[in-house]
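The primary structure of each chain is shown beneath.
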Amino acid sequence: MHKSQIFGAALLAFLLGTAMASAVAVPSNWLLILIGVSFVCMVVAGYFALSREEKLSKQKVFLIGLIFLCFSGGAYRFSVANAGQSVLNQFIGLEAGGKTIEFTFRGYVDGEITKDNSRFSFQFRIKEIVTPKLIIPVNDRILVQGELSQPAKFGDPLEIVAPLLAPTNSGEFDYVMYLKKQGIRAVAKSPKIKSLDKDLNLGAFEKARLSIFRPIFNIKNRFEKSVGTSIASPNSAYINGILLGSRQNIPDSLRKDFNRTGTSHVLAISGYNITLVAETLLGLLLWRWRRQKAILIAIAGIAVFTVMTGASASVVRAAVMGSVVLIASGIGRLSDARNAILFTAAVMIAFNPFLLVFDVGFQLSFAAVLGLIYVYPSLQNKFGRRDETGGIREIALMTLSAQIAVLPLLVGYFKTISLFSLPANILILPFMPAVMLLGFISGVAGMILPIAGKVLGLAAWAVSEYQLSVVRLFSHLPWSSVDVSISWPIIVAVYFFGAFTLWRLRTSSNAKV
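Residues numbered from 1 in each chain as written. Predicted model: local features only at pLDDT ≥ 70, side-chain atom pairs only at ≥ 80, totals over all residues. Heavy atoms only, no water.

**Q** Is there a simple way to explain the nonpolar core in this structure?
**A** Across soluble globular proteins, you tend to see nonpolar side chains buried next to one another. Ranked by size, the top nonpolar core spans 41 residues in total, and within it Tyr-238, Ile-239, Ile-242, Leu-243, Phe-258, Met-432 and Val-435 carry the most contacts. In terms of nonpolar packing, the next biggest core, distinct from the first, is built from 23 residues, Phe-14, Cys-70, Leu-356 and Phe-366 among them. (Core = buried A, V, L, I, M, F, W, Y, C linked by side-chain atoms within 4.5 Å. Buried < 20%, exposed > 50% of the residue type's maximum accessible area, 1.4 Å probe, protein only.)

**Q** So what exactly am I meant to see when it comes to the environment of Val-87 here?
**A** Examined against the element boundaries, Val-87 turns out to sit in the loop between α3 (52-82) and β1 (95-96). Distance in space between the C-alpha atoms of Val-87 and Ile-129 is 9.7 Å, their sequence separation being 42 residues. Those residues within four positions of Val-87 in sequence are excluded, and the remaining contacts are Ile-136, Val-138 and Asp-140. (Helix = DSSP H or I, 4+ residues; strand = E, 2+ residues; numbered from the N terminus. Contact = heavy atoms within 4.5 Å.)

**Q** When you look at a nonpolar patch on the surface in this model, what are you seeing that I'm missing?
**A** Taken together, Phe-7, Phe-343, Val-347 and Phe-351 make up a surface patch of nonpolar side chains, about 430 Å² in accessible area. The leading source of residues in the nonpolar patch is helix α11 (residues 337-351), at three residues. In this structure Phe-7 comes out as partly exposed when scored by relative accessible area, which is 39%. (Patch = residues over 30% accessible without salt bridge, like charges linked within 9 Å, V, L, I, M, F, W, Y side chains within 5 Å. Areas by Shrake-Rupley, 256 points an atom, 1.4 Å probe, with all protein chains shown as cover. Salt bridge = Lys/Arg side-chain N within 4 Å of Asp/Glu carboxyl O.)

**Q** Just checking my understanding: could you explain the pattern of salt bridges for this structure?
**A** Between side chains of opposite charge, a pair can form when the charged atoms approach closely. Evaluation of the coordinates by the stated rule reveals 12 salt bridges. A salt bridge links Arg-209 to Asp-110; the nearest nitrogen and oxygen atoms lie 2.8 Å apart. Taken together, the residues span a long stretch of sequence, with Arg-209 in helix α5 (residues 204-230) and Asp-110 in the loop between β3 (103-109) and β4 (114-116) at a distance of 99 residues. Note on Asp-110: relative accessible area 2%, which makes it buried. Between Lys-220 and Glu-224 there is a salt bridge, with its nearest N and O atoms 3.2 Å apart. Of this pair, Lys-220 and Glu-224 both sit in helix α5, four residues apart, roughly one helical turn. Look at Glu-224 and you get buried, because its relative accessible area is 16%.

**Q** What is the right way to read the side chain of Ser-421 from this model?
**A** Considering the arrangement of structural elements, one finds Ser-421 in helix α15 (residues 421-428). Taking relative accessible area as the criterion, Ser-421 reaches 6% and is therefore assigned buried. With near-sequence residues (within four places) excluded, Ser-421 lies in contact with Thr-261, Gly-262 and Gln-403.

**Q** When you look at the packing of α5 against helix α6 (residues 235-244) in this model, what are you seeing that I'm missing?
**A** Helices that pack against each other are described as a pair by the angle of their axes relative to one another and the distance between those axes. Axis separation between α5 and α6 bottoms out at 8 Å; the angle between their running directions is 150°. Judged by the inter-axis angle, α5 sits roughly antiparallel to α6. For the pair α5 and α6, the sense of crossing is right-handed. Between α5 and α6, the residues in contact are Lys-220, Phe-223, Glu-224, Val-227 and Gly-228 and Ser-236, Ile-239, Asn-240, Leu-243 and Leu-244, respectively. Here the contact of α5 with α6 is composed, by residue class, of five nonpolar, three polar and two charged. (Axes fitted to C-alpha atoms, helices over the stretch in contact; angles between N-to-C directions. Parallel < 35°, antiparallel > 145°, perpendicular 65-115°, else oblique. Left-handed = near helix turned anticlockwise from the far one by under 90°. Nonpolar A, V, L, I, M, F, W, Y, C, P; charged D, E, K, R; others polar.)

**Q** Explain unusual backbone geometry to me, please; I cannot follow it from the model alone.
**A** Trans is the prevailing form of peptide bonds, just as negative phi is the prevailing case for residues other than glycine. Residue Pro-234 follows Ser-233 across a cis peptide bond; omega there is 5°. Here Pro-234 lies in the loop between α5 and α6. Backbone geometry at Ser-190 places phi at a positive 50°, although glycine is not the residue there.

**Q** Explain α15 here, please?
**A** Since there are 3.6 residues in each turn of an α-helix, residues three or four apart along the chain are aligned in direction. Buried residues of α15: Ser-421, Ala-424, Asn-425 and Ile-428, and no others. All buried residues of α15 project into a common sector of 95° when viewed along the axis, lining one side. (Arc of directions from axis to C-beta.)

**Q** Would you take a moment to explain the packing of aromatic side chains for this structure?
**A** Note on aromatic pairs: each is described by the distance of the centres and the angle between the planes. What the rule picks out here adds up to 18 aromatic pairs. Considering the side-chain rings of Phe-120 and Phe-122, the 5.5 Å spacing of their centres and the 15° angle between planes classify their relative orientation as stacked. Like Phe-120, the residue Phe-122 is buried in the burial classification. Taking 5.9 Å as the distance between ring centres and 35° as the angle between the ring planes, the aromatic pair formed by Phe-500 and Trp-503 counts as tilted. One end of the pair is Phe-500 and the other is Trp-503, both in helix α18 (residues 488-512) and three residues apart, which spans about a single turn. Using a relative accessible area of 47% as the deciding quantity, one classes Phe-500 as partly exposed. The structure contains a cluster of three or more aromatic residues connected by ring pairs, namely Phe-78, Phe-354 and Phe-358. (Phe/Tyr/Trp six-rings, centres within 6.5 Å; stacked < 30°, edge-to-face > 60°.)

**Q** It is not clear to me how the pairing of strand β7 (residues 157-162) should be interpreted in this structure. Could you clarify?
**A** The two faces of a sheet get side chains in turn, since along a regular strand they alternate between them. A large share of β7 lies buried, amounting to five of its six residues. Bridge analysis of β3 against β7 gives six bridges, and the strand direction is antiparallel. Bridging across to β7, Arg-106 finds its partner in Glu-159. One ladder, built from four bridges, connects β7 with strand β9 (residues 192-195); its direction is antiparallel. Counted as the bridge partner of Leu-158 is Ser-195 from β9. (Pairing = 2+ DSSP bridges.)

Structure follows, in structure tokens:
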């Protein structure tokens, strides 16, 4: 095997190990033993390869050891993260006299505040637990839920008095893992909140982080309001959803229309959407600059977009995915991005192993980008590489490639199959670059000069209105969607079968050449 193939296999083994541990609980001690055995196999195979015949056999042993080492390493990483303990665990659900005990926590707002009428929720970084006898230093996140009595924003120091509760699951949705993915293992409901006058004991890195993200969140909030005033509703809510990932203002009826037409993935911040925008931007830049410079400018544009839209974790991950694909396609071969995408995913999952199985946005981004890398070339070979439609066929094939890759996930999560999903996506997705770019430009213009935002917002409204009209049209057709219930093992098997089919097609294509 080539070195790049070995590297790709090792990365894939790490991801599969993380996925396995997410589904099946394996004792950490067993994983440590497997890691040790795998490492010994690698060392022995590398050290005792003397003759050529021995070298070939030892290479196989080395490769097997490497695969098992990465597989068990991914499983162990998830196992450790899932079993993680903190000081807060000692305070969760404590009772006295049949009542849950309240505690005083000092810290700061560590995320966006989500509002629903008078109710609110936000992530709170606890730095101190105040008890009658001592102050306990900690550094953990909790989710705060209740009524908003005073305005608060990211980075504001607060004192919260409330009992700590363990989150619980409701229905099929794994709410506990959803919060763990964000580093949250406890919830404070209906707390007493007041501003904190004293300075918190923060390190230099944490102070720098707050000083950087405070203005970013302020810009994001101004941008969201600007889009809301520049573009009529519900189009403004839709555009804020695809740009910022904020869906709370999207009407329920419109969300149902997206679900019924198999286009709900459009509302998620994904590497595919950002890749479409970046590819369009790159095409425009190539009229003026050389390819390498145009790629750098396009990536810089993605970075500006990421900052302007709040730099949330989902946007950053999508931006990284989109940038990697942009670089690979820019130098002429999308297939070169395979190891880069796997490496990017592996690094993200090493930092947060809950992403792979419990983050829908990450899964859609990853699947859509892999669709562009593997499915798209196969479709090109099938329909011919020469495009005489002015780029329309290419966009349609890219849309179809991404749609094929994400379809099993959409069926698994939303329990429906849309009979009109393919035509709806083909009609909508080619216009994603236009609506995202126009929405972004009108939002920025509205922040500078409101009248300019409204003028430019007319174009964004027109494109988004076309998309929403397509969604509404297909959603109201008879049999627009069919309810299905497919187990996750079958969905996983479908992906393995798809990967095997693509491998066979690629092998037969290479054999003919």
